[in-house]
Amino acid sequence: MPEKGLPTPAPFDQQQRRRRTNISLLRVLSLVSLVAVGTYVTLLSNLPSPKSTSSIPINAAEILDKCANLNVTPGPPKDFYSRSQSDRFEQGTKSVLIKNAKIWTGGKNGTEVIERGDVLIDKGIIKAIGRVDESRVLEEYGFVEKIDANAAWLSPGIVDLHSHLGVASLPFLQGASDTDSLKGLVQPWLRSLDGLNTHDDTYRLSISGGVTTALILPGSANSIGGQAFVIKLRPTSEKSPSSMLLEPPFSFNGSGIEPFNPPRWRQLKQACGEFPSQIYSGTRMDNIWSFREGYETARKIKVQQDDFCSAALSGDWGTIGGSSAKFPEDLQWEALVDVLRGRVKIQNHCYEAVDLDGIIRLTNEFGFKIAAFHHAHETYLVPELLKKMFGGEPPAAALFSTGARYKREAYRGSEFAPKILAENGLAVVMKSDHPLLDSRYLLHEAQQAHYFGLPDNLALAAVTTTPAKVMGQDHRIGYVKEGYDADLVLWDSHPLSLGATPKQVFIDGIAQLEHPHVISDKPLKSQKAPETPDWEEEARAAVQWDGLPPLGPKESFRTGSDGQVVMFVNVESMYARSGGRVVQVFEDETERSLDEKGTANGVVLVRDGEVICSSLIGKECLEKLERLKETAEIQVKVVDLEGGSLAPGLVSYGSALGLTHITSESSTNDGAVINPLTGNVPSILRESVVRAVDGLMFESRNALLAYRSGVTSAITAPVSSGFLSGLSTAFSTGAPHGLAEGAILKETAALHASVSMSASGASVGTQVGALRKVLLGEKKGELGKAVQRVLDGVIPLVVTVNSADIMASLIHLKKEVEDTLDEGIKIRMTFDKAAEAHLVAKEIAEAGVGVVVSPVRALPMAWEQRRILAGPPLTEDTAITKLLKHNVTVGIGALDTWDVGNARFDAAWISLDSSGLISKADALSLASTNLEKLLGTEGEGENTDWVATRGGSLLDYEAKVAGVVSSRRGVVDLF
Ligand SMILES: *[C@@H]1O[C@H](CO)[C@@H](O)[C@H](O)[C@H]1NC(C)=O
Ligand SMILES: *[C@@H]1O[C@H](CO)[C@@H](O)[C@H](O)[C@H]1NC(C)=O
Ligand SMILES: *[C@@H]1O[C@H](CO)[C@@H](O)[C@H](O)[C@H]1NC(C)=O
């Protein structure tokens, strides 16, 4: 309760003593400080002289300062705009002149581009932009380092509005987990700064993706989780958390107000909905009440302060305690009082209409604003509600691009949310929630938002200028502009093109990449923003159906019996399966002007789901069609692909697709297999083996979205709580149920196990030992039969493993088993996840082991994954290229079910990153034929579907999946 929390006056005699010594000083101070604050000069003239000096508190000057400052809007110091050196300048930083860059400045609503410009940076700030006269620079600075950008894109540094870098440190260790305090629902007094670990492995990684600034938020376990802090990611010479802060509020070190200057912006983390409600065994009602209770406490203090100050400022000390007058405040609640004074940017984790509504009402009840709703999956459904926020200006929405449906409150999330919000005039921010999404790839979130319809100017702004504004730092970051912080990224391609990678990153004028590996062979067209597909209809449907639009095909017809032939025209490229891999059949390399776009001559004929003719010279197939018509009754469905492509359907492996609808809702899931090493396996289950096919469920939204994105089959293993999980299955993502024609490609694929240092309850030695016993011990029951098939080399043994040391043990085990058995038998072994596989790439190759890499872009989540190969620009190789160079069969996996549909872009990105090592066809193999080999579904369980894309190939950001041809299921689906 506020009254109890307020400081009690000091004993009278102490005050008397202090007053006697300082009384004359007081009058001087009070005059000086009031005069000095230009804006408060008027106060002075209104200030009646105190009735008698004995009734004034000893710190009256300080109190008057505080009172005069109470409602000053935060901002930079007054002399900020005339600065010639950054407050973050590191001694010894060289001046740099970047020549000939193509500059996206962030200005003019994100539309301003300087086609050829120079940027001069010095003392941590941008000194000049445009055409910079070199000789004059040399005259003035003596020496500058010169970088010829060679027409490369230059942008402001990426700004992440939602990060847990340093507080949820990687690799994850219990000793450095400082995001969520579980000591109460409302804790505005906590500060992320107090947990900021300077040794998180991912600072370096995120910088290598162009991230220069991040807002470090406490977690979302509480309604009010604590104060957040803005940091720059670079290492500082002081090596302290405090030295990483960007314009910290005075409260960070208790330095009090600066009488000459406004206070700095503060940040507060709030959360509503599932997390704070459920973690405290409550409900949404408890969540909102906890806010109201907290804000009421703050409001009472604020009223006391305002009353107190109006008395103090009018010299009426007598009514507020005379010489023992004390400014009413409370360290625990001061941050929340500051919220009510409009001096705190609130970053509010909030998903659903019900929660957004609760918070909007709260802002009006107590009179404060929300800077941004984060995650905000339903904001696109309620733009008018957001406009009702206190103050009338709606908050921004900080979103993921395609991350959705992972919990109930994210179920109605849409990839079109950024587009729809922007159309409703709301500010859109893309954020990482690092390490949930790796902030190194935050730019990719903007690229995806752009792909799904957010205009290019707003997409780039969504990770630069907009978050800078939302955190109250747009006076110094988020733009390439004279006087701004020298936080810049030089890109190897247009920042909205897939796989854009920094060539160099500057923070405070300091180059962050020491020996960047620059990919030199980026395709020419990647130098401009992709022309993205038309999504109007899909976006409208998302709103119309409250986030759950039907995902089935627009048109679907059976092939076969009725002699239906589908003729794809205007086909620019084609890929096909051949000899266990994907090869390019043709590609029209003709350079086309804009108005000639989509005028390729290629034609592909499909009958009964089989390609019967494909040619870049369309005439050949047309003639074939004529000949066919002579012999049979043929109906022809013509599909114009507008310069599109045909490719084999992709395959997914690694997530729980097919066994779950909403990952964190147990009643929507198949559940987890009991860990036989640590759990109580009922006797009826001994010697049995769990088969994923028995738990399969179809038509989950993630499966249907995967299908619409060209991933037409998936191989899924039973979800396991450790060690032995069971037999995986291969199924069709587009099938309606398990009895439908072609729904199941292969009932049982591979036998799955895992060995991990993070497994609770069983040591690594125990796990490997148990695996040895399973393989070499007596073979009994269903499990025995499955193991025998592994030993006969019929099905693969897939082991989820990350540590290179454990991989070594498993390779030993493989050899031991093979030596014990009949000669010539080779176990088919696949390592899954395999973060550290590159360390033993040669040995993996020699042992004949295959590898499914996931996540495809490495992140050192756990200790056993810490030795990742980061890839460009930090290293030339990735684990994938390193393994491929050793001729290891490599597939790419997905971790989350919502991510499965992104396989086409993962594959394309891998190809772009590989400096020519991985062709487009090879990239498609990684996400199809290779996975089938590694999971034992080649041949019989093969995915023979075709995916047609409009406006480009499956690997293109400009293309959209137009249809799927499935002979297995006997259908052609058009979207
Ligand atoms: C900014 O750009 C967007 C999209 O291009 C446009 O809709 C919006 O009206 C622009 N805003 C201003 C203030 O020009
Ligand atoms: C707090 O930090 C500011 C900014 O770095 C500095 O100027 C001030 O002296 C510090 N105050 C204290 C009390 O340490
Ligand atoms: C990989 O295979 C190719 C082609 O068969 C061969 O030339 C090359 O030497 C092999 N590389 C390694 C590291 O074994």
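Residues numbered from 1 in each chain as written. Chains lettered and ligands numbered in written order. Predicted model: local features only at pLDDT ≥ 70, side-chain atom pairs only at ≥ 80, totals over all residues. Heavy atoms only, no water.

The name recorded for the protein in an unreviewed UniProt entry is Composite domain of metallo-dependent hydrolase, from Dendrothele bispora.

(A) View of the packing of aromatic side chains. Taken as a whole and assessed by the stated rule, the structure comprises 19 aromatic pairs. Between tryptophan 189 and tryptophan 333, the aromatic rings sit 5.4 Å apart at their centres with planes inclined by 85°, giving edge-to-face as the arrangement. Note that tryptophan 189 is positioned in the loop between β6 (158-163) and α7 (202-208) and tryptophan 333 in the loop between α9 (284-313) and α10 (334-340), a separation of 144 residues in sequence. Their ring planes at 75° and their centres at 5.1 Å tell us that tyrosine 451 and phenylalanine 905 sit as a pair that is edge-to-face. Here the residue tyrosine 451 occupies a position in helix α14 (residues 442-451), and phenylalanine 905 occupies one in helix α25 (residues 903-913), the gap between them amounting to 454 residues. Take phenylalanine 905: its relative accessible area is 3%, and that puts it in the buried class. Just above the ring of tyrosine 479 sits the side chain of lysine 481; from NZ or CZ to the centre is 5.2 Å. (Phe/Tyr/Trp six-rings, centres within 6.5 Å; stacked < 30°, edge-to-face > 60°. Helix = DSSP H or I, 4+ residues; strand = E, 2+ residues; numbered from the N terminus. Buried < 20%, exposed > 50% of the residue type's maximum accessible area, 1.4 Å probe, protein only. Lys NZ or Arg CZ within 6 Å of the ring centre and 35° of its normal.)

(B) Main features of the pattern of salt bridges. Counting across every chain of the model gives 64 salt bridges. Across the salt bridge formed by aspartate 485 and arginine 83, the nearest N and O atoms sit 2.6 Å from each other. Linking aspartate 485 in the loop between α16 (465-470) and β14 (488-491) with arginine 83 in the loop between α4 (60-69) and β1 (96-104), this pair joins segments that are 402 residues apart in sequence. Exposure remark for arginine 83: the relative accessible area of 16% places this residue in the buried category. A salt bridge links aspartate 922 to arginine 581; its shortest N-O distance comes to 3.1 Å. Of the two residues, aspartate 922 sits in helix α26 (residues 920-926) while arginine 581 sits in strand β19 (residues 581-587), which places them 341 residues apart along the sequence. Judged by its relative accessible area of 24%, aspartate 922 falls in the partly exposed class. Residue class for arginine 581 comes out partly exposed when judged on its relative accessible area of 41%. (Salt bridge = Lys/Arg side-chain N within 4 Å of Asp/Glu carboxyl O.)

(C) Representation of the sheet that holds strand β32 (residues 890-892). Here we have six strands laid out as an open sheet, ordered β25-β28-β29-β30-β31-β32, and mixed in their pairing. Edge positions in the sheet fall to β25 (724-727) and β32, since each has one partner strand and no second. Ignoring which end each strand starts from, the neighbouring axes of this sheet average 20° apart. Bridge count for strand β30 (residues 829-833) against strand β31 (residues 850-853) is four bridges, and the pairing is parallel. For phenylalanine 831, the partnering residue across the bridge sits in β31 and is valine 851. Along the sheet, helix α21 (residues 781-791) makes contact with β25, β28 (751-754) and β29 (797-801), crossing β28 at roughly 95°. (Pairing = 2+ DSSP bridges. Axes fitted to C-alpha atoms, helices over the stretch in contact; angles between N-to-C directions. Contact = heavy atoms within 4.5 Å.)

(D) A look at the site of ligand 1. As a matter of local geometry, ligand 1 sits amid Asn109, Pro455, Asn457 and Leu458. Take asparagine 109: an N or O atom from its side chain is 2.3 Å from an oxygen atom of ligand 1. Interatomic distance of 3.0 Å between a side-chain N/O atom of asparagine 457 and an oxygen atom of ligand 1. Notes on ligand 1: free accessible area 360 Å², of which the protein chains cover 33%. A breakdown of the residues in the shell around ligand 1 according to their chemical character gives two nonpolar, two polar and no charged. (Near = heavy atom within 4 Å. Polar contact = N/O pair within 3.5 Å; in protein donor to acceptor, adjacent residues only side chain to side chain. Areas by Shrake-Rupley, 256 points an atom, 1.4 Å probe, with all protein chains shown as cover. Nonpolar A, V, L, I, M, F, W, Y, C, P; charged D, E, K, R; others polar.)

(E) The arrangement of the pairing of strand β23 (residues 650-653) in detail. Neither face of β23 is left uncovered, since the one carrying Leu650 and Ser652 and the one carrying Val651 and Tyr653 both have all their residues buried. As defined by bridge partners, β23 adjoins strand β24 (residues 711-716) across four bridges and the pair is classed as parallel. Bridging from a neighbouring strand, leucine 650 pairs with valine 711 of β24. In terms of handedness, the path from β23 via helix α19 (residues 701-708) over to β24 forms a crossover that is right-handed. (Right-handed = clockwise from strand over helix to strand, strands pointing away.)

(F) Representation of the UniProt feature "domain: Amidohydrolase-related" (unreviewed entry) in the protein. Summarizing the sequence annotation, UniProt attributes the feature "domain: Amidohydrolase-related" (unreviewed entry) to residues 417-509 in the numbering used throughout. Between the C-alpha atoms that bound residues 417-509 the distance is 35 Å, and the span itself is 31% helix and 14% strand. (UniProt positions renumbered as here; feature names shortened; annotations may be inferred.)

(G) Spatial organisation of the packing of α9 against helix α11 (residues 353-366). Contact geometry of α9 with α11 gives a least axis separation of 11 Å together with a crossing angle of 15°. Accordingly, the angle class assigned to the pair α9 and α11 is roughly parallel. As α9 packs across α11, the resulting crossing turns out to be right-handed. Counting all contacts with α9, which are made through Arg284, Ile288, Phe291, Arg292, Tyr295, Glu296 and Arg299, the residues of α11 involved are Val354, Asp355, Gly358, Ile359, Leu362, Glu365 and Phe366. Class assignment for the residues of the contact of α9 with α11 results in seven nonpolar, one polar and six charged. (Parallel < 35°, antiparallel > 145°, perpendicular 65-115°, else oblique. Left-handed = near helix turned anticlockwise from the far one by under 90°.)

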